[in-house]
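Fold and geometry: a report
Given next are the chains, with one letter for each unit.
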Amino acid sequence: MATIWTGGKIYTMAKVGETVEAVLVKDGKIVATGSVDSLSPHATSIQDLQGNVMYPGFVDSHLHIIGYGEKLKHIDVSNVTNKDELLSIIGERMKSASSDEWVIAIGLNETQFDKPIFPTLMELDALGDAHLIIKRSCHHLILANSKALAFAGITNETPSPKGGIIEKVQGQLTGVLKDTALYMIVNNMPHITPSYIEDALKKAVASLLSFGLVGGHSEDLSYYGPPMQPIQAFRKVVDDQQSFKVHLLQHHTVFEEIAKMGKTSSSYMEFGAMKIFIDGAFGGRTAALRKPYCDEPNNSGMLVHSTEQLKYYVQLARQHGQTVAVHAIGDLAIETILAVFKEYPPLQGQVDRVIHCSLVDDEILAKLASLPVAVDMQPQFVQGEFQAELARLGEQRALGLHPLKSLLERGLIVAGGSDAPIEVPNPLHGIYAAVTRRNFGETHNGYNAHEKITRHEAVHLYTIGAAQIIGQDHFRGKIEEGYTADFTIFEEDLLHIDIEKLPHVKVVYTVVDGRIVYANRCEG
């Protein structure tokens, strides 16, 4: 059975502004594009777009799908604007929680507060008897009450683990844990059961489809018990539903274990690069910098691993014929891993991936362009905390914050993601941020306006770019003969609608392999 999709504007993304009148789909593939008259003899049905606008299926190139599902399950505090409000919201939940429960809040951003300070450990303990953790928006820092700290065996005498910080003031715990230290709690919470993971995953996939996403590149396999536990959840939810395509990065701590499983990929779930964290984040001042933070002159952040450790992990990936994807935010972190990539390059035709790549200069840009490296950017990062990052880095360094245009001008492959649950995984929010480089409702010319890109380039991040970064641009990311029939269909033309209206455009259909897997029931 072959179906013609027509009756609206259809952007191929193969060239700037290129459209076709109709697309012929059979068995999940695009058979041909062209006029309705030329394709009709080969079709058995017609799918009328009713004036809506079709694009290749949008893909989020970097997120944590199960983690996003957890945000949907727990307390979202991302819009809280002061400490008292935070304590009030969490306190209400703590009142009804039993002493053995875990209360989890996600999305704290103290830079939105009038006074950007965290609650004290004493204030957290006063909220109730349940275990409590509050995850900062960057997910590189948590606040934990004394009961949660005790669960992990963390006392005033506990040393900070390598690559992490157990914060203490005058030898006393503050409840703040940074980077690898927070895993002492979050990777071992008893409620992380198979049913919990599956529920979070189902909630996440349903939400992602509603944003028009046909797939995502996710990193979840080291946070939810043995890696087989999240893998089984993906098999049950993703493979069984066949409505969403997942590309799974493999954290270095579970890479060999997964390799020994004899893992097999499917059309809806595949295994990708080894994932390594090189540094932390600007929010907790743990992103690794060449020079100290302006507002903390004795601190230059931290590298999670030594150079020798990084070489070991990269060589391990190469032994398995695999690429490496690294979280690297600070300029020192990026510079450090690029030196390792240069010494141990991937196989011919492969590209490694630098995720975030948040602080660059001309020297780093030149090194990136000289290597088989692609860059995985989160355009929304330029919105939330730019002013705080400016204070941390100073005006001169901040000129290299969150590049986009500079990367594209150097000819690099660039893909777009949200890092959900850190940002909302709505690709329209990312496109808006990439084009305007400002927050919703603002009217200035943009933060680092020299890095603004065009709308076509922004859509490219979530279509062709997301396919290129995993070497699948020969069959995904375009509307063209031989490509998968993955489509995202909107009510409006993203390339021409008023830019302030763009983030609010409604998804009409999300289509995977020629099947409508999400329909906006309010459509029409």
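The following paragraphs examine the structure supplied in this document. Please read all numbers here as calculations on a predicted model, not as lab measurements.

1. Some points on the side chain of Asn-448
- Along the chain, Asn-448 falls in the loop between helix H17 (427–436) and helix H18 (455–462).
- The exposure class assigned to Asn-448 is buried, which follows from its relative accessible area of 11%.
- Discounting residues that sit within four places of it in the chain, Asn-448 has contacts with Phe-386, Ala-398, Leu-399, Gly-400, Leu-401 and Arg-437.

2. Topic: the nonpolar core
- Ile-133, Ile-185, Phe-234, Leu-368 and Ile-431 are the most contacted members of the largest nonpolar core, which totals 112 residues.
- At eight residues, the largest contribution of residues to this core is made by helix H7 (residues 194–210).
- Ranked by size, the runner-up nonpolar core spans 20 residues in total, among them Ile-75, Val-77, Phe-113 and Leu-143.

3. Overview of the side chain of Ser-207
- Residue placement: Ser-207 occurs in helix H7.
- Each residue touching Ser-207, except ones within four places of it in the same chain, is listed here: Tyr-68 and Leu-72.

4. What about H7?
- The terminal C-alpha atoms of H7, which comprises 17 residues, lie 25 Å apart, in line with the 24 Å expected from a rise of 1.5 Å per residue.
- Burial in H7 covers these residues: Tyr-196, Ile-197, Glu-198, Ala-200, Leu-201, Ala-204, Val-205, Ser-207, Leu-208 and Leu-209.
- One or two residues past the end of H7 sits Gly-212, with phi positive at roughly 85°.

5. Details of the pattern of salt bridges
- A complete count under the given rule lists 26 salt bridges for this structure.
- Between Arg-438 and Glu-500 there is a salt bridge, with the nearest N and O atoms lying 2.7 Å from each other. A residue pair is termed long-range when its members are at least 10 positions apart, and Arg-438 in the loop between H17 and H18 and Glu-500 in the loop between strand E20 (487–490) and strand E21 (507–512) qualify at 62 residues.
- Within the structure, one salt-bridge network assembled from shared partners comprises Arg-290, Glu-335, Asp-361, Glu-363 and Lys-367.

6. What to know about helix H12 (residues 362–370)
- Inspection of H12 places Ile-364, Leu-365 and Leu-368 among the buried residues, and these make up the whole buried set. The buried residues of H12 occupy an angular sector of 100° when the element is viewed end-on, so they sit on one face. In this structure, H12 carries Asp-362 and Ser-370 as exposed residues pointing more than 90 degrees from its buried face.
- Turning to H12, the residues buried within the fold contact helix H11 (331–343), strand E17 (352–356), strand E18 (373–377) and helix H16 (405–409).

7. What to know about the state of the cysteines
- As enumerated under the stated definition, the model contains zero disulfides in all.
- With no disulfide of its own, Cys-138 has Cys-357 as its nearest cysteine by sulfur position, at a separation of 18 Å.
- Classification of Cys-138 as buried rests on a relative accessible area of 11%.

8. Here's the deal with the environment of Val-314
- Assignment of secondary structure puts Val-314 in helix H10 (residues 307–319).
- The class for Val-314 is buried, based on a relative accessible area of 0%.
- For the pair formed by Val-314 and Leu-401, sequence separation is 87 residues and the distance between their alpha carbons is 27 Å.
- If sequence neighbours within four positions are ignored, Val-314 has contacts with Val-324, Ile-337, Val-340, Phe-341 and Tyr-344.

Reading the values: rules and limits
Residues numbered from 1 in each chain as written. Predicted model: local features only at pLDDT ≥ 70, side-chain atom pairs only at ≥ 80, totals over all residues. Heavy atoms only, no water. Helix = DSSP H or I, 4+ residues; strand = E, 2+ residues; numbered from the N terminus. Buried < 20%, exposed > 50% of the residue type's maximum accessible area, 1.4 Å probe, protein only. Contact = heavy atoms within 4.5 Å. Core = buried A, V, L, I, M, F, W, Y, C linked by side-chain atoms within 4.5 Å. Expected span 1.5 Å × (residues − 1). Salt bridge = Lys/Arg side-chain N within 4 Å of Asp/Glu carboxyl O. Arc of directions from axis to C-beta. Disulfide = S-S within 2.5 Å.

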